[in-house]
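Structural overview
One letter stands for each residue in the lines below.
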Number of protein chains: 4
Amino acid sequence: MFSFANDYSEGAHPEILKKLTETNTLQTPGYGEDCFTASAGDRIREACSCPDADVYFLAGGTQTNAVILSVMLRPYEGVLCASTGHIAVHEAGAVEYTGHKVLPLPSEQGKVDAAVLENWLRSFFDDPTYTHMVIPGMVYLSQPTELGTLYSWKELQAIHTVCQAYRLRLYVDGARLITALSSPDNDVSLHHLCEVCDAFYIGGTKAGTFFGEAVVFPSHGEPEHFATMVKQHGAMMAKGRILGIQFDTLFTGDLYRRIGKHTIETAFRLRAIFHDHGIPFSCETSTNQQFVILNTRQAQVLEQSFRFERWEVLDDDRSVYRFVTSWATTEESLKALDSALEGLV
Amino acid sequence: MFSFANDYSEGAHPEILKKLTETNTLQTPGYGEDCFTASAGDRIREACSCPDADVYFLAGGTQTNAVILSVMLRPYEGVLCASTGHIAVHEAGAVEYTGHKVLPLPSEQGKVDAAVLENWLRSFFDDPTYTHMVIPGMVYLSQPTELGTLYSWKELQAIHTVCQAYRLRLYVDGARLITALSSPDNDVSLHHLCEVCDAFYIGGTKAGTFFGEAVVFPSHGEPEHFATMVKQHGAMMAKGRILGIQFDTLFTGDLYRRIGKHTIETAFRLRAIFHDHGIPFSCETSTNQQFVILNTRQAQVLEQSFRFERWEVLDDDRSVYRFVTSWATTEESLKALDSALEGLV
Amino acid sequence: MFSFANDYSEGAHPEILKKLTETNTLQTPGYGEDCFTASAGDRIREACSCPDADVYFLAGGTQTNAVILSVMLRPYEGVLCASTGHIAVHEAGAVEYTGHKVLPLPSEQGKVDAAVLENWLRSFFDDPTYTHMVIPGMVYLSQPTELGTLYSWKELQAIHTVCQAYRLRLYVDGARLITALSSPDNDVSLHHLCEVCDAFYIGGTKAGTFFGEAVVFPSHGEPEHFATMVKQHGAMMAKGRILGIQFDTLFTGDLYRRIGKHTIETAFRLRAIFHDHGIPFSCETSTNQQFVILNTRQAQVLEQSFRFERWEVLDDDRSVYRFVTSWATTEESLKALDSALEGLV
Amino acid sequence: MFSFANDYSEGAHPEILKKLTETNTLQTPGYGEDCFTASAGDRIREACSCPDADVYFLAGGTQTNAVILSVMLRPYEGVLCASTGHIAVHEAGAVEYTGHKVLPLPSEQGKVDAAVLENWLRSFFDDPTYTHMVIPGMVYLSQPTELGTLYSWKELQAIHTVCQAYRLRLYVDGARLITALSSPDNDVSLHHLCEVCDAFYIGGTKAGTFFGEAVVFPSHGEPEHFATMVKQHGAMMAKGRILGIQFDTLFTGDLYRRIGKHTIETAFRLRAIFHDHGIPFSCETSTNQQFVILNTRQAQVLEQSFRFERWEVLDDDRSVYRFVTSWATTEESLKALDSALEGLV
């Protein structure tokens with residue numbers, strides 16, 4: 001049985017595990033005040049070409065979104081996002097739990113469009129009753145999106161311009177940022193994100209760490225008493241070094257680039273395999289998630305040897321299924337998929 | 001430099017690390033629905049002799065306290081605890097952030113006394129204005145306490161009786177439960193906790209895991225839709241198996257017992273060393289935290305070779321300092337301390 | 001200048017004011033434990049033919065919605081409503097502030113449709129990832145809706161049936177319930193609401209009181225420690241009798257019926273006047289809100305003598321405007337409107 | 001039966017009721033955007049000799065405290081107050097419900113002492129673990145206190161100096177401010193409060209209005225989007241004019257002064273009556289609350305003709321009882337008390 005169900009089916013990249021082993025008995029201070037965490041921050045500042053960034057490490061994506069949004073929004077503000085945005089759908093109301101409304105925008109292919117955003121904002125502030133409504137305070141984007149699509153640098157700039165005009169903060173959820181950065185279709189660098197974002201995070205969990213997300217506040221933008229608020233949200237780790245060591249390793253040498261490269265190469269192989277066998281796509285992406293349309297018989301046969309997720313029911317016979325690659329995707333699993341499709345179509 | 005600063009200065013116990021390495025490339029479902037997590041739950045049920053318990057794994061102690069308390073308290077309820085309780089002092093208001101008041105009780109040596117509790121409750125409900133006050137809904141205890149002291153089984157039963165009389169839930173924070181269970185002065189077993197608690201947690205972070213706490217709800221007491229609420233609090237891990245593997249290993253064979261034994265033995269060695277050199281104690285415990293009184297000169301000399309925390313200023317010259325042992329405390333470090341004290345007193 | 005801007009432009013109905021004056025120097029206990037509040041509860045139980053109802057009085061509509069929803073929803077639950085529902089739009093995120101997500105359903109003419117609701121629920125629970133989503137726990141309806149439309153008894157029953165099937169609570173916001181109850185097109189009584197709702201409120205502010213809303217929990221459904229939670233939300237009045245006296249008067253004799261009758265009769269007069277002058281309607285209702293379409297010139301002329309709200313911009317020249325009647329609407333104002341339209345069209 | 005139970009046993013002062021009656025049919029905009037509310041703000045600015053103040057009207061005291069504190073505290077901050085402070089005891093956790101910890105200080109006679117405050121703050125920030133604790137952000141005082149005692153101008157200045165040194169905001173709960181301002185022992189004016197406070201409120205409910213509290217933000221200190229946050233807390237009234245009319249009347253001519261004078265004069269009469277009959281005081285104040293010590297027999301006899309509250313049990317026979325006067329206290333009731341005590345002692 002091979003899994004294409006997601007990019008968090010295994011443990012950690014061997015080089016990260018090796019480093020955790022090597023450093024295991026060293027004694028360090030707790031709560032992220034250790035040398036590894038400091039070094040990881042330095043390496044990320046360097047990767048971003050952003051020497052003034054504040055960098056912080058949290059354990060998971062939902063946690064990171066909830067902490068950052070609740071900390072950066074004023075009490076009367078909500079957060080705008082694509083209707084398919086993770087915070088709007090699959091975080092069990094974690095943002096609302098902190099008292100803030102999620103304001104979903106109509107979206108296509110998972111993306112917020114600058115013009116749609118601007119129209120929404122213009123209508124909102126034209127409405128004389130807007131003071132009785134939740135004031136938009138931030139735009140949340142995912143790069144890549146939940147559907148695997150990418151914002152171009154031009155699109156991001158357009159959104160940023162709207163944010164500036166309406167004094168909104170801009171935040172990018174980078175749970176799978178590694179696959180955007182490695183995609184041949186991508187033209188948005190970490191440095192670009194530093195230029196337009198008030199905060200963003202570089203995902204670790206889906207990039208080969210056991211867990212962990214690196215929050216970047218460009219230009220010393222870390223909110224006052226941020227560490228206390230992280231603790232208040234139950235998001236501070238006693239052995240904070242475990243986050244530090246993992247990210248320090250990820251951003252040492254070319255590991256991050258290699259993991260991204262492998263993830264994308266296997267994704268493109270996967271995409272080609274489906275193409276070769278005439279399987280239609282509902283969303284063909286240049287990142288590590290591929291959305292294909294299978295009929296019941298095809299799905300049932302594949303499910304005997306592979307794990308993958310049903311994404312959406314199309315009709316009585318056909319559904320959209322998601323296939324995902326990662327740093328751990330093997331040549332063997334791709335070959336097996338190719339063979340399985342051979343006899344199937 | 002040796003650290004006695006806390007019990008989370010190193011990584012994970014080598015056997016846990018080994019297991020993480022061995023299982024690293026196995027593919028499992030996410031979010032704690034893997035076989036390791038299931039097995040870890042089984043082992044903990046067995047260790048508790050409590051086949052009906054629901055067991056859940058979360059990442060850290062403050063997170064666990066905030067999730068459990070907010071989930072088990074009704075909206076109008078607060079939680080009673082010792083004035084020195086972790087939730088009352090060092091969690092940055094994590095419980096209040098969920099909307100609930102912490103109600104500190106006068107306490108001695110870090111412990112809630114059943115009679116003090118009962119008096120407080122009787123006075124509270126005698127006050128005709130109590131409906132304008134936060135209604136007590138739960139008692140929070142730490143075993144061992146924040147000062148390293150222990151509740152006896154008799155004391156726990158007495159508190160439980162009061163809780164029953166006033167319909168309060170009882171919750172035990174077991175961040176360092178391993179050191180209570182291994183202490184020669186302890187007479188409270190995991191099974192005892194299952195008998196009197198509505199929930200408690202078995203700490204992993206301070207017992208040799210990288211991180212992680214195992215929440216036990218005896219008698220299928222897991223709150224409805226608990227997983228969704230864990231997600232809502234940002235406390236669910238994508239690679240939940242990492243928690244499962246660590247606890248599965250911790251409760252396999254006699255590892256948990258061995259770790260506890262080493263921690264306590266080194267603590268008693270430490271205690272004896274201070275005794276031998278005539279260093280006075282502010283709180284001499286039978287768990288892994290020892291609180292000694294040093295003058296400025298003594299502290300300065302020791303700080304050249306050891307890390308440890310100042311706990312409380314006593315006067316211009318003397319302060320209380322905390323020394324902590326763990327699974328990772330070495331013979332070498334204890335000998336070094338012995339030598340350092342030799343020339344000092 | 002006459003105002004058709006809303007139904008809260010004046011003070012209180014003279015009979016209510018008279019009663020407040022007559023009772024002014026009587027001394028009563030505070031916090032709603034007075035005889036007037038008790039009597040008001042009795043009268044409402046009688047009006048509802050529901051002797052087992054618990055009745056409670058709060059100050060305003062948004063407050064009432066926020067208190068009731070937060071108190072009746074479990075922590076992991078959200079509330080379903082029409083996309084135009086007051087809680088989804090014009091309450092500044094008051095429900096989200098209590099930690100709960102508002103889940104808007106596609107709606108027509110301001111109404112939730114039972115079939116749409118059921119489809120939504122079926123899809124929701126069919127989605128295997130639903131445990132990562134906000135669980136629907138309640139349906140919120142407004143009777144009449146924010147667009148002045150009415151649910152029929154048959155429609156309410158159909159929604160109730162779906163709620164039962166999915167174990168959702170049903171709550172009706174009756175800010176303008178008086179105009180529903182008085183409408184010739186209405187077939188839903190207070191008793192009907194008691195049969196299908198877990199809670200609903202009878203609006204006072206828009207029915208001739210200075211302020212105040214009467215919450216009804218049929219069948220002793222008041223949540224435990226409700227008074228304490230009302231206090232916790234800052235929604236308890238020291239001089240609670242002011243609420244009691246107003247509602248006691250409103251439900252004495254036929255005052256409530258007379259106020260409703262006047263409100264609806266003037267609304268139908270208003271509607272006829274627009275009709276007579278050929279003004280088109282965007283939403284022609286049988287309650288006290290009428291939505292007409294005016295061009296810029298018409299609006300400007302009317303604005304010289306009348307106050308009314310622009311509801312929605314249709315195109316460069318035309319907009320929807322809302323005209324509202326109340327207990328205080330005068331014959332004089334209607335005649336003036338008739339005359340003004342005379343020369344206008 | 002006469003009531004000395006509290007200062008909210010009757011309706012509104014007749015002049016306020018008269019004004020509500022006179023203005024009843026005037027049509028005004030809703031939500032506090034009417035001329036009366038504007039005028040009331042002007043009069044309060046004048047009474048405070050503070051032309052730059054922002055003034056806002058809310059319905060009740062707990063509501064006002066919860067809104068203001070949650071709006072002025074940053075997410076990581078708590079509020080310091082006397083251990084007997086209303087927010088710490090009798091508001092059912094309304095402040096904690098907004099996510100903020102109340103930090104009670106040891107207090108005497110209901111008052112926060114500047115030196116105690118400063119010591120607390122110095123110790124707090126000396127503790128290296130303070131970043132894991134709730135950061136103090138504000139000091140809450142009540143003038144007069146819950147025990148009827150008064151802060152002198154010198155005491156307030158001393159507290160203000162500490163607040164400045166530690167960058168804390170200062171807030172005064174003026175639920176009974178009228179009795180402080182009218183007391184012969186008082187030397188703190190409204191203008192003084194404007195000089196030292198970031199916000200304070202002037203109580204209406206206990207000063208002769210049906211309900212309502214006037215929040216003052218000196219020097220245009222109103223938080224951004226304050227109205228939206230008031231709405232978000234369910235604290236905005238549709239007929240906001242009712243608040244405006246009441247406060248406009250209260251601060252027209254010398255009504256506020258006259259009400260205060262009557263309240264204090266009757267309080268001093270009450271005090272003298274108890275003195276004359278040799279009844280001991282537990283707290284003898286120069287405001288409108290007097291705390292006397294009665295034995296069981298005395299209390300039982302008085303309870304036949306008077307309503308008053310038991311405040312604290314002293315021993316098997318004796319308790320502290322609170323007697324309160326107000327604008328509505330009659331000569332007749334005082335004479336009756338005098339007579340009743342005659343035969344009693």
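Data block above holds the structure.
So, a few notes on the structure that sits alongside this text.

Thresholds applied
Starting afresh in each chain, residues are numbered from 1 along the sequence in its written order. Lettering of chains starts at A and numbering of ligands starts at 1, both following the order in which they are written. Owing to the predicted nature of the model, reporting of local features is limited to residues with pLDDT of at least 70; listing and counting of side-chain atom pairs is limited to 80 or more, with chain, interface and lining totals taken over all residues. Heavy atoms from the whole structure form the basis of all side-chain values; hydrogens and water molecules are not counted. Contacts between residues were defined by any pair of non-hydrogen atoms, one from each residue, lying within 4.5 Å. Summed over both partners, buried area is the accessible surface (1.4 Å probe) that two parts give up on being assembled. Any Lys or Arg side-chain nitrogen located within 4 Å of an Asp or Glu carboxyl oxygen qualifies as a salt bridge. In protein, a polar contact requires one atom able to donate a hydrogen and another able to accept it; more generally it is a pair of N or O atoms within 3.5 Å, and residues adjacent in sequence count only if both atoms are side-chain atoms. Counting from the N terminus, the helices are DSSP H or I runs at least four residues long and the strands are E runs at least two residues long. Three classes are used: nonpolar for Ala, Val, Leu, Ile, Met, Phe, Trp, Tyr, Cys and Pro, charged for Asp, Glu, Lys and Arg, and polar for all others, with Gly counted as polar. Two strands pair under a simple rule: DSSP has to find at least two bridges between them. Between N-to-C directions, angles cover 0 to 180 degrees, with each direction set by a line fitted to C-alpha atoms, over the stretch in contact for helices. For this overlay, a least-squares fit was computed on C-alpha atoms, restricted to residues scoring pLDDT of at least 70 in both copies. By definition here, a helix of n residues has an expected span of 1.5 Å times n minus one. Think of it in three bands: residues with accessible area under 20% of the maximum for their type are buried, residues over 50% are exposed, and the middle band is partly exposed, with areas taken using a 1.4 Å probe on protein chains only. Here the arc refers to the set of directions running from the helix axis out to each C-beta atom.

Residue-level contacts link 17 residues of chain D with 17 residues of chain A. Interface area for chain D against chain A, summed over the two sides, is near 1600 Å², with a carbon-plus-sulfur share of 61%. Linking chain D with chain A are zero salt bridges, by the criterion used here. Linking chain D with chain A are six residue pairs in polar contact (both at pLDDT 80 or more), by the criterion used here. Here the side of chain D that touches chain A gets four residues from one element, more than from any other, and that element is helix H10 (residues 226-232) of chain D. Of the residues belonging to the side of chain D that touches chain A, the class tally is eight nonpolar, six polar and three charged.

Here we take up the sheet that holds strand E8 (residues 213-217) of chain D. Residues and elements named next belong to chain D. Overall, mixed pairing links the seven strands, which are arranged E2-E8-E7-E6-E5-E3-E4 in an open sheet. Each edge of the open sheet carries a strand with a single partner, namely strand E2 (54-58) and strand E4 (102-105). Taking the axes of each pair of neighbouring strands and ignoring which way they run, one obtains an average angle of 25° across the sheet. Pairing between strand E5 (residues 135-142) and strand E6 (residues 169-174): five bridges, direction parallel. Residue pairing in the sheet places Ser-142 in a bridge with Asp-173 of E6. Along the sheet face, helix H2 (residues 35-47) touches E2, strand E7 (199-203) and E8 and points at about 125° away from the line of E2.

The operation relating chain D to chain A is a screw motion whose rotation component is 180°, with 0.0 Å of axial translation and a residual RMSD of 0.0 Å. As the rotation angle and translation indicate, the two copies are arranged about a two-fold axis. A share of 100% of the interface residues of chain D reappears at the interface of chain A, consistent with the copies meeting face to face through the same patch.

Contacts between the two partners involve 48 residues from chain D and, on the opposite side, 47 residues from chain C. Where chain D abuts chain C, roughly 4000 Å² becomes buried across the two surfaces, and 55% of that area is made up of carbon and sulfur atoms. Taken as a group, Gln27(D), Tyr97(D) and Lys239(D) account for 19% of the area that chain D buries against chain C, more than any other trio of residues on that side. Linking chain D with chain C are zero salt bridges. Broken down by element, the side of chain D that touches chain C gets its largest block of residues, four residues, from helix H1 (residues 14-22) of chain D.

With an RMSD of 0.0 Å, the operation that places chain D on chain C is a rotation of 180° combined with a shift of 0.0 Å along the axis. Looking at chain D, 98% of its interface residues are interface residues in chain C too, so the copies touch through the same face.

Residues and elements named next belong to chain C. Taking 1.5 Å per residue as the helical rise, helix H6 (residues 114-126) with its 13 residues ought to reach 18 Å, and the 18 Å between its terminal C-alpha atoms agrees with that figure. If you check which residues of H6 are buried, you get Ala-114, Leu-117, Leu-121 and Phe-124. Buried positions in H6, seen along its axis, are confined to an arc of 95° and lie on one side of it. Those residues of H6 that are buried lie in contact with strand E3 (77-82), strand E4 (102-105), strand E5 (135-142) and helix H7 (153-165). The opening residue of H6 is Asp-113, an N-cap whose side-chain oxygen sits 3.0 Å from the backbone nitrogen of Ala-115.

Before going further, it helps to spend a moment on the pairing of strand E8 (residues 213-217) of chain B. All names here are of chain B. The element E8 is extensively covered by neighbouring structure, given that five of its five residues are classed as buried. Burial along E8 is two-sided: Glu-213, Val-215 and Phe-217 and Ala-214 and Val-216, pointing in opposite directions, are all buried. By the bridge criterion, five bridges tie strand E2 (residues 54-58) to E8 in an arrangement that is antiparallel. Residue pairing in the sheet places Tyr-56 in a bridge with Val-215 of E8. Pairing between strand E7 (residues 199-203) and E8: four bridges, direction antiparallel.

Read these as spatial facts, not as claims about activity.
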